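# Inside the fold
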Amino acid sequence: DAGITQSPRHKVTETGTPVTLRCHQTENHRYMYWYRQDPGHGLRLIHYSYGVKDTDKGEVSDGYSVSRSKTEDFLLTLESATSSQTSVYFCAISELAGTDTQYFGPGTRLTVL
Amino acid sequence: GENVEQHPSTLSVQEGDSAVIKCTYSDSASNYFPWYKQELGKRPQLIIDIRSNVGEKKDQRIAVTLNKTAKHFSLHITETQPEDSAVYFCAASPKGAGGTSYGKLTFGQGTILTVHP
């Protein structure tokens, strides 16, 4: 597996609380992505980054924000968690864009009560 | 934006049989089509990919075909084994404005493949 870690691996939180998930890579890859995985929906892109401080929205970005202050770290924040954000969150990295392999992290299982 | 449809949602085969999973995409500018395998509780892992300038690619028991005209691509697994049992996802990477996509992937809904011994 590529050098990608996610923290925490599991989290249970309450509706309305802010939550931050961390993705850390040791591969020095330029591109980083956050996906959520829900039954029947496959993986859906939340936000992505194409460099330090360069981020943009994916298809399901409402209620989420991201930050990337260092090449190795990409943070995903749920500003005020809702039950609809209960999901498994995967981070992915890629060295090149467009036709390059994306390597996934181990995932974070988030439950919002 | 890109839309990827994947069929079937579940597929059950006997060990040794072949399995075929099909995906269609909507954006004719898409140029990269990876397939991922995800075992229960694990991360998705790339098993094979194909670029739009190639019609077919094979890696041992796994092959992918691409029909750009019809905008569909398929995964073929021959001589299936119980360890092939997993969820398989197709994806497409569309080109964005200016010809770059930043590597964004749009995934299909997944196919649960079960190989019975």
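In this report, we go over the structure that sits alongside the text.

What counts and how
- Residues numbered from 1 in each chain as written.
- Chains lettered and ligands numbered in written order.
- Predicted model: local features only at pLDDT ≥ 70, side-chain atom pairs only at ≥ 80, totals over all residues.
- Heavy atoms only, no water.
- Helix = DSSP H or I, 4+ residues; strand = E, 2+ residues; numbered from the N terminus.
- Rg over C-alpha atoms; globule rule 2.2 N^0.38 Å.
- Buried < 20%, exposed > 50% of the residue type's maximum accessible area, 1.4 Å probe, protein only.
- Contact = heavy atoms within 4.5 Å.
- Areas by Shrake-Rupley, 256 points an atom, 1.4 Å probe, with all protein chains shown as cover.
- Lys, Arg positive; Asp, Glu negative; His and termini not counted.
- Charge placed at Lys NZ, Arg CZ, Asp CG, Glu CD.
- Disulfide = S-S within 2.5 Å.
- Buried area = accessible area lost by both parts, 1.4 Å probe.
- Salt bridge = Lys/Arg side-chain N within 4 Å of Asp/Glu carboxyl O.
- Polar contact = N/O pair within 3.5 Å; in protein donor to acceptor, adjacent residues only side chain to side chain.
- Nonpolar A, V, L, I, M, F, W, Y, C, P; charged D, E, K, R; others polar.

So, about the overall build of chain B. Each helix and strand counted, chain B has zero helices and eleven strands in total. Listed by position from the N terminus, the elements making up chain B come as β-β-β-β-β-β-β-β-β-β-β. Against the compact-globule benchmark of 13 Å for 117 residues, chain B has a radius of gyration of 14 Å, which places it among compact chains. For chain B, the C-alpha atoms occupy an extent of roughly 50 × 30 × 20 Å along the three principal directions. For chain B, with 117 residues in total, the buried portion stands at 44%. Across chain B, the fraction of contacts at a sequence separation of at least 24, relative to all contacts at a separation of at least 6, is 55%. For chain B, the computed accessible surface area is about 5700 Å², with 48% contributed by carbon and sulfur atoms. Side-chain charges in chain B split into 12 positive and 12 negative, and the spacing between the mean points of these groups amounts to 8 Å.

Time to look at the overall build of chain A. A tally of regular secondary structure across chain A gives zero helices and eleven strands. Secondary structure of chain A in N-to-C order comes out as β-β-β-β-β-β-β-β-β-β-β. Taken over the C-alpha trace, chain A has a radius of gyration of 13 Å; the compact-globule value for 113 residues is 13 Å, and the two agree within 12%. Projecting the C-alpha coordinates of chain A onto the three principal axes gives extents of approximately 35 × 30 × 25 Å. Classification of the 113 residues of chain A by burial places 48% in the buried group. Of the contacts formed within chain A by residues at least 6 apart in sequence, a portion of 55% connects residues at least 24 apart. Once the 11 positive and 13 negative side-chain charges of chain A are each reduced to a mean point, those two points are 4 Å apart.

Residues and elements named next belong to chain B. Tracing the backbone through its elements, the reader meets Leu 11 in strand S2 (residues 10-14). Here the alpha-carbon distance between Leu 11 and Phe 89, two residues 78 residues apart in the chain, equals 13 Å. Excluding its chain neighbours within four sequence positions, the residues that come into contact with Leu 11 are Ala 19, Val 20, Ile 21, Thr 111, Ile 112, Leu 113 and Thr 114.

Moving on, we get to the state of the cysteines. Applying the stated criterion across every chain yields a total of two disulfides over all chains. For Cys 23 of chain A, the disulfide goes to Cys 91 of chain A, at an S-S distance of 1.9 Å. Disulfide Cys 23 of chain A-Cys 91 of chain A: torsion about the S-S bond near -65°, hence left-handed. Of this pair, Cys 23 of chain A sits in strand S3 (residues 19-25) while Cys 91 of chain A sits in strand S9 (residues 87-94), and the two are 68 residues apart along the sequence. Like Cys 23 of chain A, the residue Cys 91 of chain A is buried in the burial classification. The partner cysteine of Cys 23 of chain B in its disulfide is Cys 90 of chain B, sulfur to sulfur 1.9 Å. A torsion of -100° about the S-S bond marks the disulfide between Cys 23 of chain B and Cys 90 of chain B as left-handed. In this pair, Cys 23 of chain B sits in strand S3 (residues 19-25) while Cys 90 of chain B sits in strand S9 (residues 86-92), placing the two residues 67 residues apart along the sequence. By the burial criterion, Cys 23 of chain B is buried, and Cys 90 of chain B matches it.

Listed by partner, the interface residues are 24 residues for chain A and 21 residues for chain B. The contact between chain A and chain B buries some 1900 Å² in all, and 53% of this surface belongs to carbon and sulfur atoms. Remark: the boundary between chain A and chain B carries zero salt bridges. At the boundary of chain A and chain B, one finds three residue pairs in polar contact (both at pLDDT 80 or more). Of the residues in the side of chain A that touches chain B, the class split is 13 nonpolar, nine polar and two charged.

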